[in-house]
Each structure stands twice: as C-alpha cells, then as structure tokens.
Amino acid sequence: MSPDTKLPARNTSDQAAAAAFNGWIRRVVKGAAELRALDDGELDAVMDPATGSAILLPEARLALNGSSRVVRGVFDVLPGQVCVLDSAGTVIMANDAWRAFGARHGGAGLSVREGDNFLAACRTAERAERKRALAVGAGLRQVLMGARLQFRYEYVCDTSAGHCTFTLLIAQIARAEASHVVVTRDNIRECKRPRASPGPDRTGRRKFANLARADVPNRLLAALPAQDYERLRGGLEPVTLTYGEALYEPGQQMRHVYFPSDCVVSLLTVVEGHRALEVGLVGREGMVGSRLALGITQSSVRALVQGTGSAVRMGAARFMRVFRQSPALQRTLFQFTDTLMNQVSQTAACNCFHVVEERLARWLLMTRERLPAGEFHLTHEFLADMLGVRRVGVTTAASSLQRQKLIRYRRGNIRILDQKGLEAAACACYQHVRIRDPEAGSG
Amino acid sequence: MAAGSHDMAGKPARARKGDAAVTTVVVMRLYIAGGAPNSVKAIANLQAICEQHLRSSYRLELIDVCEYPQRALDDGVLVTPSLTKVSPGPATNVIGNLSDTGSVLAALGVRARAMK
C-alpha cells in the first residue's frame with residue numbers, strides 16, 4: 001500500500017479533514033465514471049483497500065444517523081428488556097423496558113444504565129450479589145473477546161416486587177461492524193405468583209426466534225438449533241451460482257461447501273469415453289460437499305449448477321472446524337449424507353431398470369421439490385445429459401407427459417400441472433428418494 | 001433497507017431478440033452501502049428498470065458492502081452504488097444511483113421497451 005492512499009487522520013480541523021478526505025477518495029478512485037458520480041453526489045461509500053472496509057461518505061453518514069433514530073424508536077417499543085454494549089462493555093443503548101425496570105427496582109438484578117460499564121458494575125456489585133455478578137462479568141468478557149457466541153445465566157434476587165428469577169442472555173451481534181453485544185433480561189418467575197407463566201416477553205422472543213429461523217431458505221441450515229446455526233453463520237458467504245457452473249470436478253479438492261437457497265446442483269459421475277450421468281441432486285434441502293463430513297476432502301463427482309440461483313457457501317477448513325465442535329451439525333449432516341447415498345444408489349438402479357418416461361417424471365418431481373419456484377427452465381439436451389439418454393428419447397417422454405396434462409413444457413420452461421398424476425407416472429424410485437420434510441417442495 | 005446480500009429474483013423467461021424467441025436471463029450484482037440514500041435510490045431505480053424492460057428475465061443480487069466489504073474488493077468494486085452485469089457477457093459496470101435509465105439499459109445490453 002503506498003502512503004498516499006492511506007485514509008487521512010481525523011485529528012485536524014473539520015475543513016482540513018474534509019479536504020484531506022476528498023483528496024484520499026480521488027487517489028483511491030481513479031476511474032472517470034467513479035469520479036463523475038462522486039462529483040454528482042451519487043456515491044455513498046468508497047472501499048478502503050488498506051483496511052478492507054467500506055468508508056461512508058459524509059452525506060451518507062448523516063442520512064444513516066437519521067435512520068438510526070428510527071432504529072432507536074423500534075428498540076424502545078420492544079416489550080422485553082434489552083441493552084446494547086460496545087466492545088468495552090459500556091451500555092450504549094438501553095430500551096424503555098430496561099430503563100423502566102431499573103427505575104422500578106433500583107439496583108436489584110445488576111441494573112445498569114446507558115453510559116455505565118457493565119463489566120465495572122459486575123466488579124463493584126453489592127456483597128449479596130457479588131457471586132452472581134462475577135459469574136455474569138466472566139461470561140460477558142468471554143462474549144466480548146469472541147471466545148463464545150453467547151452466555152446465558154439464571155439468577156434469583158429480591159426486588160420490590162418480591163422474589164424473582166431472571167434469565168440474562170448475552171449474545172454477540174453477528175452483523176455489527178465492531179464487536180457489540182446485546183443483553184436481554186427476562187423475569188421468568190416471580191415467587192409471589194402462584195404459577196409460573198410465560199409472560200408476553202418470552203412469547204414475543206420465541207416468536208422472534210422462529211421468525212429468524214424461517215428467514216433461512218436452506219432447510220438443512222434452518223433445521224439446526226439456533227446455537228449451532230450461529231456458529232456457522234459468521235463464515236457463511238452469499239453467492240450466486242450460475243447455470244452450467246461446475247462447483248467441483250472429480251478428484252479435485254473441495255474448497256467450499258455450498259448450501260443452495262433457490263437453485264439445484266446435479267452430482268454427475270464422469271465415465272471415460274461416455275457422457276456424464278447424473279447420480280444425485282442437491283437443492284435447498286441439503287449441502288453440496290457433504291463428503292467432508294466423512295473426512296474426505298476430494299470430490300468424487302462433478303457438481304454442476306442447474307439454473308442460476310442463490311446459495312451460501314463456506315470455506316471447507318472453517319466448516320470442518322465448526323463441524324467438529326457441533327454435535328447437532330454432525331447429526332444433521334450424517335442424516336443428510338445417508339439420505340444422499342440412498343438417493344445415489346436408487347438413481348443408479350433406476351437408470352438401469354426403468355424407462356425414460358418414468359425416469360423423467362421422477363427427475364422432474366425431485367427437481368420441483370428442491371426449488372421454491374413452481375416453474376423451472378430446462379432444455380431437452382440438458383435433460384438428456386441428466387438422464388443419460390438421447391435427446392429424442394427425452395422429447396418423446398416429455399411429449400407423452402404433456403399429452404397426459406401432467407406437465408406443461410414450452411420453450412424449455414417446465415411447469416408441473418398435476419403433481420399426483422406425475423407421481424403415478426414416475427417409477428417407484430421416487431417414493432424412496434422424495435424429501436420427507438413437508439415444508440420443502442410444498443406449493 | 002434490509003441489510004445483507006440477497007436475491008431479488010425473476011425466474012427465467014422469454015425475451016425477444018429479433019424475431020426468434022430466446023431465453024436470456026440477465027444476471028446482475030448491485031453493490032450498496034446499507035440504507036444510504038443513493039443506495040436506496042439505486043435499488044428503486046433498478047427495480048423500476050427491471051420491471052419495465054426485463055420483466056421477469058433477470059436475477060439481481062444485492063451486496064451490502066458494509067457487511068461484505070471483502071466481496072466488493074474481490075470483485076474489483078471500489079465505490080457504491082455500483083451495478084455489475086455478470087451475464088450474458090461481456091461484463092459491464094454502471095456507477096451511481098442509476099437515475100440515467102438509458103445508460104443502465106446500454107450497460108445491460110437491453111433495448112428500451114416503449115412506454116404503454
């Protein structure tokens with residue numbers, strides 16, 4: 001990095017700092033189109049190659065500060081007690097519910113206010129609370145240092161409302177630029193009450209957690225317990241997989257694992273002197289690269305993307321580190337690998353014994369249940385490659401299925417019109433390899 | 001503005017090229033900076049352009065450089081908003097809030113569809 005592309009320091013006067021910042025942008029951004037957009041005020045951020053981060057331009061920063069007021073408003077509306085700490089453990093934001101609890105119950109239950117340092121509050125807690133405060137402080141320090149993703153602590157204390165049991169959850173905010181953490185506190189039981197009941201705060205939080213899981217399009221990732229998914233999430237990178245792209249070739253090292261969201265990846269066996277033949281299909285129900293779970297780092301198949309779509313991927317080495325630490329991920333992946341092996345062996349038998357029309361029906365049903373869209377694009381050539389038959393065989397089989405009004409096939413776009421009918425037209429293999437999760441493939 | 005990188009997808013569909021009906025899906029990446037004003041404008045402008053001129057035959061990936069800066073650097077993107085056409089080739093790039101529809105269409109290699 002040459003010295004003239006270093007981001008200027010901000011300890012000069014405002015005017016000088018603005019001039020230096022402007023000069024820096026013009027040294028980093030040299031293209032005519034970029035400079036024109038900069039002069040027209042159409043840019044928001046410039047990448048700093050030295051630090052690898054995005055530097056917001058002043059106008060964008062001011063506008064975002066405005067939107068942070070909206071965030072603050074939303075934060076205050078939340079019924080649960082929530083506060084956000086910076087990397088030093090200082091409370092930078094506490095919502096209305098957190099502040100109201102502090103005002104109501106005084107210093108009970110580790111009450112800290114905006115501007116207070118949570119770690120310091122734990123160190124200087126009153127004698128009666130010293131033990132639990134030190135435990136919370138130790139947990140918070142581990143989360144701040146990144147040694148753990150979250151820390152949960154249950155404690156009992158006396159408040160003006162009586163004898164209460166609290167659950168304190170300290171968790172990293174994965175999407176924050178710096179290492180901020182969020183602290184939530186739930187009053188899970190007040191001993192004055194005859195029966196413990198999940199209050200509105202807990203119900204709300206559970207709903208919020210479900211919402212977050214529903215947001216994950218890949219079913220394998222969505223099925224993981226929240227803690228295990230969090231372990232993976234930091235290393236997941238969104239990518240677009242393009243039609244015809246080969247993710248792996250036989251014998252090559254698998255550098256990434258892929259979790260498809262709305263595309264399907266074919267696993268092809270390559271036999272010398274013959275066309276590649278499809279032996280497996282992976283979509284949003286699974287993962288491409290599951291061989292890593294068996295400790296094998298080389299691919300035995302060609303993994304070919306069918307139709308452009310999105311996925312998330314993760315470096316193989318990092319994935320293996322998380323895999324070794326997460327029994328739930330191991331269990332999920334072993335189950336998926338078993339399902340995939342079942343699919344591969346069934347497909348091999350199917351390719352050998354069943355007629356093209358039955359195989360095509362099976363293949364269309366398998367593809368459909370792995371894609372969120374009701375219609376998908378496939379050419380006859382592509383289908384012929386997947387099924388290991390000549391193009392004319394696919395044309396005849398597709399025409400037959402169309403005549404029976406089971407599918408509509410126009411210029412490569414296929415829509416399944418009669419799911420039950422197509423299942424009846426498929427060979428029995430489909431019932432052995434269909435996805436059992438009712439959520440995948442619905443609609 | 002939702003942060004992160006996600007798809008605003010259209011499924012493959014027919015687009016007209018001359019007299020022959022062909023299937024062309026335009027794959028694009030739009031690099032934005034969170035909910036910053038020009039980024040928000042760029043998304044709105046691009047959505048309008050796609051709906052009018054590409055119908056459903058496009059795929060758009062939004063990449064928030066505040067969350068995925070390395071992705072932008074790896075792709076050689078230095079400023080946001082920045083739109084890259086990935087396929088069909090050749091790859092092209094448009095910088096700014098995409099208010100100039102003509103230059104966006106030219107970069108995407110799409111002929112303007114007459115307004116109804």
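What counts as what
Residues numbered from 1 in each chain as written. Chains lettered and ligands numbered in written order. Predicted model: local features only at pLDDT ≥ 70, side-chain atom pairs only at ≥ 80, totals over all residues. Heavy atoms only, no water. Buried < 20%, exposed > 50% of the residue type's maximum accessible area, 1.4 Å probe, protein only. Helix = DSSP H or I, 4+ residues; strand = E, 2+ residues; numbered from the N terminus. Arc of directions from axis to C-beta. Contact = heavy atoms within 4.5 Å. Pairing = 2+ DSSP bridges. Axes fitted to C-alpha atoms, helices over the stretch in contact; angles between N-to-C directions. Patch = residues over 30% accessible without salt bridge, like charges linked within 9 Å, V, L, I, M, F, W, Y side chains within 5 Å. Areas by Shrake-Rupley, 256 points an atom, 1.4 Å probe, with all protein chains shown as cover. Salt bridge = Lys/Arg side-chain N within 4 Å of Asp/Glu carboxyl O. pLDDT = per-residue confidence, 0-100. Core = buried A, V, L, I, M, F, W, Y, C linked by side-chain atoms within 4.5 Å. Phe/Tyr/Trp six-rings, centres within 6.5 Å; stacked < 30°, edge-to-face > 60°. Lys NZ or Arg CZ within 6 Å of the ring centre and 35° of its normal. Parallel < 35°, antiparallel > 145°, perpendicular 65-115°, else oblique. Nonpolar A, V, L, I, M, F, W, Y, C, P; charged D, E, K, R; others polar. Buried area = accessible area lost by both parts, 1.4 Å probe. Polar contact = N/O pair within 3.5 Å; in protein donor to acceptor, adjacent residues only side chain to side chain.

1. What to know about helix H3 (residues 101–108) of chain B
Residues and elements named next belong to chain B.
Thought 1: Inspection of H3 places Val 104, Leu 105, Ala 107 and Leu 108 among the buried residues, and these make up the whole buried set. Seen from one end, H3 has its buried residues packed into an arc of 160°, which puts them on one side.
Thought 2: Along its buried surface, H3 packs onto strand E4 (26–32), helix H1 (37–54), strand E7 (82–87) and strand E8 (92–95).
Thought 3: Phi turns positive, to about 70°, at Gly 109, one or two residues after H3.

2. Some words on the sheet that holds strand E14 (residues 309–315) of chain A
Residue and element names in this part refer to chain A.
Thought 1: In spatial order, the strands read E8-E14-E10; together these three strands make up an open sheet with antiparallel pairing. Taken across any chain shown, the strands that pair with only one partner, and hence form the sheet edges, are strand E8 (237–241) and strand E10 (256–260). The average undirected angle you get between the axes of adjacent strands in this sheet is 40°.
Thought 2: Contacting E10 and E14, helix H10 (residues 316–325) runs over the sheet at an angle of about 75° to E14.

3. Things to note about a nonpolar patch on the surface
Thought 1: Taken together, the side chains of Leu 294, Ile 296 and Phe 334 of chain A make up a nonpolar region of the molecular surface, amounting to roughly 260 Å² of accessible area.
Thought 2: Relative to the helices and strands, Ile 296 of chain A resides in the loop between strand E12 (277–282) and strand E13 (302–306).

4. Digging into the confidence of the model for chain A
Residues and elements named next belong to chain A.
Thought 1: Mean pLDDT over chain A stands at 77; residues scoring 70 or higher make up 81%.
Thought 2: At the level of individual helices and strands, chain A shows its lowest average pLDDT in helix H7 (residues 200–214), which scores 41, and its highest in E10, which scores 93.
Thought 3: The low-confidence segment residues 190–212, where pLDDT is below 50, has 18 contacts with residues more than four positions distant or belonging to other chains.
Thought 4: Contacts of residues 438–443 to residues separated by more than four positions or lying in other chains number eleven contacts, the stretch itself having pLDDT below 50.

5. Some details on the nonpolar core
Residues and elements named next belong to chain A.
Thought 1: Grouped together as the largest cluster of nonpolar side chains are 40 residues, with contacts concentrated most on Leu 221, Leu 232, Leu 241, Leu 247, Phe 259, Val 288 and Phe 319.
Thought 2: Counting residues per element, this core draws most heavily on H10, which supplies five residues.
Thought 3: By size, the runner-up hydrophobic cluster in this structure holds 34 residues, among which are Leu 383, Ala 384, Ala 398 and Val 433.

6. Digging into the packing of aromatic side chains
Residues and elements named next belong to chain A.
Thought 1: By the definition in use, this model includes five aromatic pairs over all chains.
Thought 2: Aromatic side chains Phe 151 and Tyr 153 sit 6.1 Å apart centroid to centroid with 15° between the ring planes, which places their arrangement in the stacked category.
Thought 3: In this structure, Arg 185 packs its charged tip against the face of Trp 98, placed 4.1 Å from the ring centre.

7. A short note on the pattern of salt bridges
Thought 1: Evaluated as defined, the whole model comprises twelve salt bridges over all chains.
Thought 2: Note that Asp 228 of chain A is salt-bridged to Arg 231 of chain A, the shortest N-O span being 3.9 Å. Of this pair, Asp 228 of chain A and Arg 231 of chain A both sit in helix H9 (residues 226–233), three residues apart, which is roughly one turn of that helix.
Thought 3: Looking at Asp 228 of chain A, the relative accessible area reads 10%, which means it is buried.
Thought 4: Across the salt bridge formed by Arg 71 of chain B and Asp 75 of chain B, the nearest N and O atoms sit 3.9 Å from each other.
Thought 5: Among the ionic contacts, a cluster of salt bridges with common partners joins Arg 29, Glu 61, Arg 71 and Asp 75 of chain B.

8. Describing the pairing of E13 of chain A
Residues and elements named next belong to chain A.
Thought 1: With respect to burial, E13 is a largely interior element, four of its five residues being buried.
Thought 2: Summarising the sheet, strand E9 (residues 246–248) and E13 pair through two bridges and their orientation is antiparallel. Paired with Ala 246 across the bridge in E13 is Leu 304.

9. A short note on the packing of H10 of chain A against helix H11 (residues 327–353) of chain A
Residue and element names in this part refer to chain A.
Thought 1: Two numbers describe how H10 lies on H11: the axes approach to 5 Å, and their chain directions differ by 105°. One element, H10, and the other, H11, form an angle in the roughly perpendicular class. Across from Phe 319, Val 322, Phe 323, Arg 324 and Gln 325 in H10, the residues of H11 making contact are Pro 327, Leu 329, Gln 330, Leu 333 and Phe 334.
Thought 2: Here the contact of H10 with H11 is composed, by residue class, of seven nonpolar, two polar and one charged.

10. Remarks on the interface of chain A and chain B
Buried accessible area, meaning the area lost when the parts come together, often serves as the stated size of an interface.
Thought 1: Opposite the 35 residues of chain A that make contact, chain B presents 36 residues.
Thought 2: It is Glu 42, Asp 44 and Met 47 of chain A that lose the most area in chain A upon contact with chain B, and together they represent 22% of the buried surface on that side.
Thought 3: There are one salt bridge connecting chain A and chain B.
Thought 4: Notably, a salt bridge pairs Arg 59 of chain B with Asp 262 of chain A, separated by 3.3 Å at the nearest N-O pair.
Thought 5: Along the contact surface separating chain A from chain B lie eleven residue pairs in polar contact (both at pLDDT 80 or more).
Thought 6: Of all the secondary structure elements, the ones that give two or more residues to the side of chain A that touches chain B are helix H2 (32–39), strand E1 (45–48), strand E2 (53–56), helix H3 (58–77), E8, E14 and strand E15 (375–377) of chain A.
Thought 7: Considering each element in turn, the side of chain A that touches chain B owes the most residues, four residues, to E8 of chain A.
Thought 8: The pairing of E1 of chain A with strand E6 (residues 79–80) of chain B spans two bridges and is classified as antiparallel. Bridge pairing in E6 of chain B places Val 46 of chain A opposite Val 79 of chain B.

11. Re the packing of helix H13 (residues 380–387) of chain A against helix H14 (residues 391–403) of chain A
Residues and elements named next belong to chain A.
Thought 1: The geometry of H13 relative to H14 is characterised by a closest axis approach of 8 Å and an angle of 105° between their N-to-C directions. Viewed along their axes, H13 and H14 adopt a mutual orientation that is roughly perpendicular. Packed against H13, whose contacting residues are His 380, Glu 381, Leu 383 and Ala 384, the element H14 presents Arg 391, Val 394, Thr 395 and Ala 398 at the interface.
Thought 2: For the contact of H13 with H14, the class distribution of residues is four nonpolar, two polar and two charged.

12. A few points about the sheet that holds E13 of chain A
Each strand in a sheet pairs with its neighbour through backbone hydrogen bonds, running either in the same direction (parallel) or in the opposite one (antiparallel).
All names here are of chain A.
Thought 1: Here four strands make up an open sheet; going across it, the order is E9-E13-E11-E12 and the pairing antiparallel. Every interior strand has two partners, whereas the edge strands, E9 and E12, have only one. Between one strand and the next, the sheet's axes are offset by a mean angle of 35°, whatever the strand orientation.
Thought 2: The sheet contact formed by strand E11 (residues 264–269) and E13 spans five bridges and is antiparallel.

13. Concerning the confidence of the model for chain B
Residue and element names in this part refer to chain B.
Thought 1: Across chain B, the average pLDDT comes to 77, with 76% of residues at or above 70.
Thought 2: This model gives residues 1–5 a pLDDT under 50, and the stretch forms 20 contacts once residues within four places in sequence are excluded.
Thought 3: Two numbers describe this predicted complex: its pTM, 0.43, and its ipTM, 0.79.

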